Amino acid sequence: MPPDHLLDDYVDPYDDPAARGRRHGPLRVGLGGPVGSGKTALAAALCRTLGAELDLAVVTNDIYTTEDADFLRRHAVLPDDRIEAVQTGCCPHTAIRDDITANLDAVELLEARHPGLELVLVESGGDNLTASFSYGLVDVQVFVVDVAGGDKVPRKGGPGVTASDLLVVNKTDLAPLVGADLDVMRRDAAAVRGGKPTLLISLREDPAATEVAAWVRQQLRSRAAQHA
Amino acid sequence: MRTLVEVVARPGPGGRTVLPVVRASGQLAVRRTGPTTVHLVATAFGPLGGDDAEVRLVVEAGARLIVRTVAAAVVLPARGESPPSLQRIRAEVAGVLDVRPEPTVVTAGAHHRAVLHAQLTEDAELTATEQVQLGRSGEQPGRWTGTTRIERAGVPLLHTTVGLGPGAAAWLPPVAPQAYASTVHLGSTAGRATGDDAVRLPLDRGWVATAWGERLTPTLARLALLGQPAPVEEALS
Amino acid sequence: MTAALLALADSRLPAGGHTHSGGVEQAIVAGLVHDPRSLEVFLRRRLVTSGAVAAGAAAAAAREGGGAPADRRAGWARIDAETDARTPSPALRRASRQQGRGLVRVGRRAWPAAVWDDLPDRPHHPLALGVAAVAAGLGPDDAARAAAYLAVTGPATAAQRLLAMDPITVATVTARLGDEVDRVAAATSTTSTGISSRTPPGTSPGTSTGVSTGTTDGDGRDPDWLPADTDPLLDLLAEVHADRGDRYFAS
Ligand SMILES: Nc1nc2c(ncn2[C@@H]2O[C@H](COP(=O)(O)OP(=O)(O)O)[C@@H](O)[C@H]2O)c(=O)[nH]1
Ligand SMILES: [Mg+2]
C-alpha cells in the first residue's frame, strides 16, 4: 500500500494529464537543431504562413541575447505579446529536456494571455546533434539541420536526426556550393529514421515553408481526431 | 543603563499637532524644538556597550511628528568583554512621522544594534533614515546590526537585517563597507533605481533606498542621487 | 525520510533552478567572483543572508503543515507576505516566485498531497520548499536544510558554467560550506512560529497602551520574527542584472 498521502485525491500517481497526445490546449511544436541551421527562419516562415489561419505564439530559447525573439519582433511576423524569450542558464539543452520548467512557464503564460491559442512553436537554443525536446514540453518536434554542414550529417545520427517527428534538411540552395549530395542525405535519413518523414527544403527559395506548414496542419488534424 | 523616550503626537485644534506626551528617562533627554519637532539630546557619553534605549513614538491620525537628534551618536565599547548596545524605535503611526537622526559612529570594539519597528495604518506616512560610520577616522571599524520592520495595516512591507563590521557574517571583503546609509519612505511611490553601490527598491506605496561605501559623506551623496523624500513641512502654529 | 530530503535538494529535481544563478552571473560581471576563493566568499554571504531567510521561511512553512486546512492556508499566506517583506528587490521576488511555481509543478506530482491546494498562487520558493517537505513527510529541519543547501548549490553550478571552473574545485567549495549550511539551517529551529504574533496597530494608536513593549531577545529582536538577514549588494546585483538584455540566467 502506498502511504496515505498518495491516495488523497489521486488514483494513480503516474496518470499524467500532460502526457504526450493527451494534452489539451495548443499543439506544441519543438524546433531543434544546430546553431544557424534555420530554426528562427523556419519559425518566422511558419508564423507568416499559418498566422492568418491559426492562433499562434512562439517561445525562444536564446543562449545569451534575445536575438531570436528580437528577429521575430523586428520582422513583425508576430505581435510582441505572442513571443516569449526564456533564459537557459548557459545550458539550452537542459532547458528543453532535463528541466523544462522555464519553458513550461513561458508556454503557460502565452496560453493564459491568449485563451484561444492553437499552436505554440518552441525554438530551442542552438545545440549540437544530441539535443532533443522532452515530450513533457512539446507534442511533436522538428529537427532542423542544413546542407552546409556537409551531407554526412544524417548519417551521423543522434537523437535529433533519428527520433524527431520531422527532420528538415534546410538550405538545399547551398548544396551545389558545398558539394553536398541531396540524394545521399535523403537516403541516409530514411535509413536511420524508421519511416518518419524528412523534408529537404530551402527557406531562401520557399520563404513560406510550404511543406513544413502542411506537416504542421496535418499534426493539428490528427490531434483533433485523437481528442474527438 | 536603560533609557526610555516616549512621544505622542495628536491632532489639536485647527489642524495643528499637539504633543500630550514628551517624556524621557535615562541617557536621552527630549526637547520640543518646533511645532511638530522634537530633538533627542544625549545626556551622557555613549551609548556604551550594554546600554538599552527604547524610543516609543505614537502619531495619531491627522498628526505629524518630526524626530531629530542634536549630534552624532558615538557608540563606545564597555570595558572588558563588551555586550552590544541596543536602540529600539517602536512607532505606531496613523499620521505622518519623519525620523532622521544624525549619524551613528561605532567605534572599534563596540557593537550597536538598532531596531526600527513601525506599525502603520492604511493612510500613514513614514520617512526614516539610518546613517552609519564604522570607526572614527583612522580607527578600526566597530560592528553595527540594523533591523527594520515596517507593517501597514498588519501586513509586513519591509523586514531586513543588515550586519556590518568584523564578525558580521556577510561582511566579507572585497565588499565590506564602513559607511552605510538608508532611507525608507512610505506614503508615495518611487520606482527602482540603481547607482554606484546604491539601490532603490519599490515598496507598496513606498520605497527603500540604500547606499554603502568607505566614508559616510560620499555614501550619502550617492544615496541622494537615487532621489530623496520631500521634507515634512512644519505645520504653522 | 532522508531519501526524500535528498530528492528535494537534488539540483536535478526539475524545478527550474538551473536557469537562476542567484546573483553569480552579475557578480562575475562586476568582478566580484573570478576564482574559487572569491566564489566561496560570494556563496557564504548569500548563504548567511538570503539562505538564512529561505531556511527560516521554509522551516516555518513546514511547521504550519500540521494545522487544520484553514489555519495552514492562513499561515502560508502570512509566510508568503513575510518573505515578500524580506525580498524587496523586484528581480529577486520574481526569481523566487518563478522557482516556487516550478517546485509546486513537480512537487504536486512527485509527492501528491492535499496540502498543495492550500498554497497561495505562485508562492515564494522557500514556502514551496516547506510545503514540499510536508508533502514528502519531512520536517521543518529538513526544509531548512534543503533551503540553505540550495542557496549555495544553485549559484555554485552557475559559476562553474560561466567561468568554466573545474567541477571538482566547485564541489570542494560547496563541501567546505557544509558546516555553515548546517549552522544556518539549525538557527531557524530557534524561531518558534516564525511569525510575529503582534497585533496590527489599533485604530486609536494614541492611547498609552498603543505601543506594545513586546519581548525581545538579547539582540533586541523579536524571537518570533523569522530571520531577515539581507545583503544590499545582492539586491543591487539582481536589479542591474534584470536590466540587461544579454544574459544566460533568468536571475
Ligand atoms: N542560403 C540559405 N540561407 C538560409 C536558409 N534558411 C536560413 N538561412 C540563413 O541562415 C542563417 C541562420 O538562420 P537562423 O534561422 O537564424 O538559424 P538558427 O540559429 O537555427 O535559428 C540566417 O542568416 C538565415 O538567413 C536557406 O534556406 N538558405
Ligand atoms: Mg535561432
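Quick note: structure is the one above.
Since we're looking at a predicted model, the values are computed, not measured.

Things to note about the site of ligand 1
Residue and element names in this part refer to chain A. The immediate surroundings of ligand 1 are formed by 16 residues, with G36, K39, T40, A41 and L203 found nearest. In this structure, an oxygen atom belonging to ligand 1 sits 3.1 Å away from a side-chain N or O atom of E123. Calculation on ligand 1 without its partners gives an accessible area of 580 Å², and the protein chains cover 72% of this total. At three residues, the largest contribution of residues to the shell around ligand 1 is made by helix α2 (residues 39–50).

Description of a nonpolar patch on the surface
All names here are of chain A. Where nonpolar side chains cluster on the molecular surface, the patch consists of V35, I63 and Y64 and spans about 250 Å² of accessible area. If you trace the backbone, I63 turns up in the loop between β2 (56–60) and α3 (67–74). Residue I63 is classed as partly exposed on the basis of its relative accessible area, which comes to 31%.

Section: the pairing of strand β8 (residues 85–93) of chain B
Residue and element names in this part refer to chain B. Taking burial as the measure, the nine residues of β8 include eight buried ones, the bulk of the element. Bridge count for strand β5 (residues 52–59) against β8 is eight bridges, and the pairing is parallel. In the strand pairing of β8, D52 is matched with L86. Relative to strand β11 (residues 111–120), β8 runs parallel, the two being bridged by nine bridges. Its bridge partner lying in β11, R88 is registered against V115.

Focus: the interface of chain B and chain C
Contacts between chain B and chain C engage 49 residues on the former and 41 residues on the latter. Buried area between chain B and chain C, both sides added, is near 3,800 Å², and the carbon and sulfur share of it is 65%. A per-residue breakdown of the area chain B buries against chain C is headed by E92, H159 and R192 of chain B, which together make up 15% of the total. Seen at the junction of chain B and chain C, the total is three salt bridges. Put simply, R192 of chain B and E239 of chain C hold a salt bridge, and the shortest N to O gap is 2.5 Å. Across the chain B-chain C interface, the total number found is 10 residue pairs in polar contact (both at pLDDT 80 or more). The biggest single contributor to the side of chain B that touches chain C is strand β14 (residues 155–164) of chain B, with seven residues. In the side of chain B that touches chain C, the residues fall into 28 nonpolar, 11 polar and 10 charged.

Here we look at unusual backbone geometry
Across the junction of G46 of chain B and P47 of chain B, the peptide omega takes the value 10 degrees, indicating a cis bond. For P47 of chain B, the position within the fold is in the loop between β4 (37–42) and β5. Residues P173 of chain B and P174 of chain B are joined by a peptide bond in cis, for which omega reads 15 degrees. With respect to the helices and strands, P174 of chain B occurs in the loop between β14 and β15 (179–186). Phi is positive for C90 of chain A, which is not a glycine, with a value near 70 degrees.

Reading guide: rules and limits
- Residues numbered from 1 in each chain as written.
- Chains lettered and ligands numbered in written order.
- Predicted model: local features only at pLDDT ≥ 70, side-chain atom pairs only at ≥ 80, totals over all residues.
- Heavy atoms only, no water.
- Near = heavy atom within 4 Å.
- Polar contact = N/O pair within 3.5 Å; in protein donor to acceptor, adjacent residues only side chain to side chain.
- Areas by Shrake-Rupley, 256 points an atom, 1.4 Å probe, with all protein chains shown as cover.
- Helix = DSSP H or I, 4+ residues; strand = E, 2+ residues; numbered from the N terminus.
- Patch = residues over 30% accessible without salt bridge, like charges linked within 9 Å, V, L, I, M, F, W, Y side chains within 5 Å.
- Salt bridge = Lys/Arg side-chain N within 4 Å of Asp/Glu carboxyl O.
- Buried < 20%, exposed > 50% of the residue type's maximum accessible area, 1.4 Å probe, protein only.
- Pairing = 2+ DSSP bridges.
- Contact = heavy atoms within 4.5 Å.
- Buried area = accessible area lost by both parts, 1.4 Å probe.
- Nonpolar A, V, L, I, M, F, W, Y, C, P; charged D, E, K, R; others polar.

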